[in-house]
Amino acid sequence: MPLRLTPQKREFFTLFADASANARDIARALVDLIEGWPESRDRLRDIRELETEGDRLTHEVINLLNRTFVTPFDRDDMYRLASVIDDICDYVDEAADNIDAYEVRDVPAKAREQADVIYRAASRLHEAVELLDGFKDSSRQLVAVRELEDEGDRLEREAVAELFRSGADPLTIIRWKDIHAQLEEAVDACESAADVLEAILVKNR
């Protein structure tokens, strides 16, 4: 395929918006999975499909980068943004897979709260990505993502403390400690994406 010499602005911005919408949607599916578990097991299929879609969109961004000589902003930043948005999907998928693989029955309340934080952070991130075209001000959304990451940190600490106070068997504690950590990693990925977005805006003002 020939190398493009003109910036494909619309294609890039559309792909990033699609990827962040996909991350928001997989976070919503996680909320549904956790709130209804185990009756909501069918949402696992949706999460896996959305994770696959995240991979496809990331590859599409990379392929377009490789075919385009002049990009709308820094090439490395574009690669980092695509990668970290995909990380959100990967962590959500891992947490969902482990809920299934570990054959958990009762979902702790803190896990439900963590899933809600992921969804809210991914939603604010999507709003910020939609403002990327034209490098519009997304400071309000980025601040919200960082505040939600702080909330996610607090929830993980409280969740682990509750696990050890619960008197649950060691295997249950180990399993849920792992899941809580993966849920927090999804929130961290939202914050990492916010950091990349902020750097892009600073460079292009």
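Above: the structure in question.
Nothing here was measured: the structure is a model prediction, and the numbers come from that model.

Definitions and cut-offs
- Residues numbered from 1 in each chain as written.
- Predicted model: local features only at pLDDT ≥ 70, side-chain atom pairs only at ≥ 80, totals over all residues.
- Heavy atoms only, no water.
- Helix = DSSP H or I, 4+ residues; strand = E, 2+ residues; numbered from the N terminus.
- Buried < 20%, exposed > 50% of the residue type's maximum accessible area, 1.4 Å probe, protein only.
- Contact = heavy atoms within 4.5 Å.
- Axes fitted to C-alpha atoms, helices over the stretch in contact; angles between N-to-C directions.
- Parallel < 35°, antiparallel > 145°, perpendicular 65-115°, else oblique.
- Left-handed = near helix turned anticlockwise from the far one by under 90°.
- Nonpolar A, V, L, I, M, F, W, Y, C, P; charged D, E, K, R; others polar.
- Expected span 1.5 Å × (residues − 1).
- Polar contact = N/O pair within 3.5 Å; in protein donor to acceptor, adjacent residues only side chain to side chain.

Draft legend 1. Region of interest: the environment of V84. Mapped onto the secondary structure, V84 falls in helix α3 (residues 75–101). Classification of V84 as buried rests on a relative accessible area of 9%. Spatially, the C-alpha atom of V84 lies 27 Å from that of I174, the residues being 90 residues apart in sequence. Not counting residues within four places of it along the chain, the set of residues in contact with V84 comprises A189, S192 and A193.

Draft legend 2. Structural view of the packing of helix α2 (residues 43–67) against α3. Running from amino to carboxyl end, α2 crosses α3 at an angle of 165°, the nearest separation of the two axes being 9 Å. Looking at the two axes, α2 sits roughly antiparallel to α3. Crossing hand, α2 versus α3: left-handed. For the pair formed by α2 and α3, the contact residues are L44, I47, R48, E51, G54, D55, T58, V61, I62, L65 and N66 on the first element and R75, M78, Y79, A82, D86, C89, D90, V92, D93, A96, D97 and D100 on the second. When grouped by side-chain class, the residues that make up the contact of α2 with α3 number 11 nonpolar, 3 polar and 9 charged.

Draft legend 3. Seen up close, helix α6 (residues 170–203). Compared with the 50 Å implied by 1.5 Å per residue over 34 residues, the 49 Å span of α6 between its first and last C-alpha is a close match. Between the side-chain oxygen of the N-cap and the backbone nitrogen of L171 there are 3.1 Å, and the N-cap of α6 in question is D169.

Draft legend 4. Local environment of unusual backbone geometry. A cis amide bond links W37 with the next residue in sequence, P38, at an omega value of 5°. Considering the arrangement of structural elements, one finds P38 in the loop between α1 (9–36) and α2. Non-glycine residue E103 carries a positive phi angle of around 55°. With respect to the helices, strands and loops of the structure, E103 is situated in the loop between α3 and α4 (109–130). Phi at F135 is positive, roughly 55°, even though this residue is not glycine. With respect to the element layout, F135 can be found in the loop between α4 and α5 (139–165).

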